[in-house]
Amino acid sequence: MAALHDSSNSSIVVLVLMIISLAMASNFYQDVDITWGDGRAKVLNGGNLVTLSLDRGSGSGFQSKNEYLYGKFDMQIKLVSGNSAGTVTAYYLKSRGSTWDELDFEFLGNLSGDPYTIHTNVYTNGKGDREQQFYLWFDPTSDFHTFYVDGRPIREFKNLESMGVPYPKTQVMRLYSSLWNADDWATRGGLVKTDWTQAPFTASVKNFNADACAWSNGASTCGSNFSSSKPSWFSQELDLSGQQQLKYVQKNYMVYNYCTDTKRFPQGLPRECTPCQMGWNTRFRHKFKILREIDLIVE
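These numbers come from a predicted model, not from an experiment. (Residues numbered from 1 in each chain as written. Predicted model: local features only at pLDDT ≥ 70, side-chain atom pairs only at ≥ 80, totals over all residues. Heavy atoms only, no water.)

*Asks:* What is the right way to read the sheet that holds strand β10 (residues 132-135) from this model?
*Replies:* Backbone-to-backbone hydrogen bonds pair the strands of a sheet. The strands run either parallel or antiparallel. Taken in spatial order, the 8 strands line up as β2-β5-β13-β7-β8-β9-β10-β16 in an open sheet, and their pairing is antiparallel. Each edge of the open sheet is held by one strand with a lone partner, namely β2 (32-36) and β16 (254-257). Ignoring strand direction, the axes of neighbouring strands in this sheet form an average angle of 15°. Packing against the sheet, helix α2 (residues 240-253) makes contact with β10 and β16, and its axis sits at approximately 80° to β10. (Pairing = 2+ DSSP bridges. Helix = DSSP H or I, 4+ residues; strand = E, 2+ residues; numbered from the N terminus. Axes fitted to C-alpha atoms, helices over the stretch in contact; angles between N-to-C directions. Contact = heavy atoms within 4.5 Å.)

*Asks:* Looking at this model, I keep getting lost on the pattern of salt bridges. Mind explaining?
*Replies:* Two side chains with opposite charge may pair up if their charged atoms get near one another. Scanning all chains against the criterion turns up 9 salt bridges. Of the charged contacts, one joins D129 and K127 as a salt bridge, the two residues approaching to 3.7 Å between their closest N and O atoms. On the basis of relative accessibility, which here comes to 35%, the residue D129 falls in the partly exposed class. Counted as one network, the salt bridges with shared partners bring together K127, D129, E131 and R264. (Salt bridge = Lys/Arg side-chain N within 4 Å of Asp/Glu carboxyl O. Buried < 20%, exposed > 50% of the residue type's maximum accessible area, 1.4 Å probe, protein only.)

*Asks:* Explanation requested: the UniProt feature "glycosylation site" (unreviewed entry) in the protein chain in the structure shown.
*Replies:* Under the local residue numbering, the UniProt record ascribes the feature "glycosylation site" (unreviewed entry) to N110. As for its placement among the helices and strands, N110 is situated in the loop between β8 (102-108) and β9 (117-123). For N110, a relative accessible area of 10% translates into the label buried. (UniProt positions renumbered as here; feature names shortened; annotations may be inferred.)

*Asks:* I tried to follow α2 on my own but got confused; where do I start?
*Replies:* An α-helical segment advances 3.6 residues per turn. Residues three or four places apart therefore align on the same side. With 14 residues, α2 extends 20 Å between its outermost C-alpha atoms, agreeing within 8% with the 20 Å of an ideal straight helix rising 1.5 Å per residue. Residues of α2 that are buried sit in contact with β10, β12 (153-158) and β16. (Expected span 1.5 Å × (residues − 1).)

*Asks:* Would you mind going over the environment of D129 with me for this structure?
*Replies:* Examined against the element boundaries, D129 turns out to sit in the loop between β9 and β10. Between the C-alpha atoms of D129 and Y258, which are 129 residues apart in sequence, the distance is 7.5 Å. The residues touching D129, leaving out its near neighbours within four places in the chain, are N121, Y258, R264 and F265.

Below, the structure written as structure tokens:
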């Protein structure tokens, strides 16, 4: 496993793509545990569907039974429809402990007719403050959409450990999904509150699949032969076309970027936010190996 930890050119990439495909079937009875919500989260259809519900009393959520170090994760999600202002549907990977690593996708609800916002963040050693937000350019409430690795990138977080920037590559993580109330900040900075007359709010999840290295009793299920027979997702690359798509999405759909918020960081932007590391210099358009890649794809 040590060979997985020493590439300085690796990165985390977040992707969004309109695609047509069939996700692998799953059984949520086998794959996840309902962790909170007092019955508001339900496994239905013989284990093929999970519904998450939110009302004044509580939200709800689940976590994967397994922990993972590297991998490709697919899951189809149908978000809260109608007036979803104040609600957050979350999909994230997180390790344990006080110095945790975390890779976040949070879908911020809005008034009917206004677009959903994808709120992304990266935590390393318990510290986040790396938010980027994007408007969705389609309706994520009309049908299920797939979240997995491949497609059009919307965000890249490079491995810059040589510059003293921590990178989330050594802590095993579980996958979590939840629906909860965050009307103190989620919609227009908290100006628009949750309309509880619309409750209960419901989001649905199906077709979870983890093509990944699960972690059990201090060892990886990928085994000792992983270095000689790596899966396809390990060597996936962001080429010149991917870099161009990344710039297009960030130009047209990004609504917040911590790396340009000088008022928030009056003492100077974080180290990873220098122009060359943000990809604003064409000489950094090189291929690289991705150690852990969490991508968002829309089907």
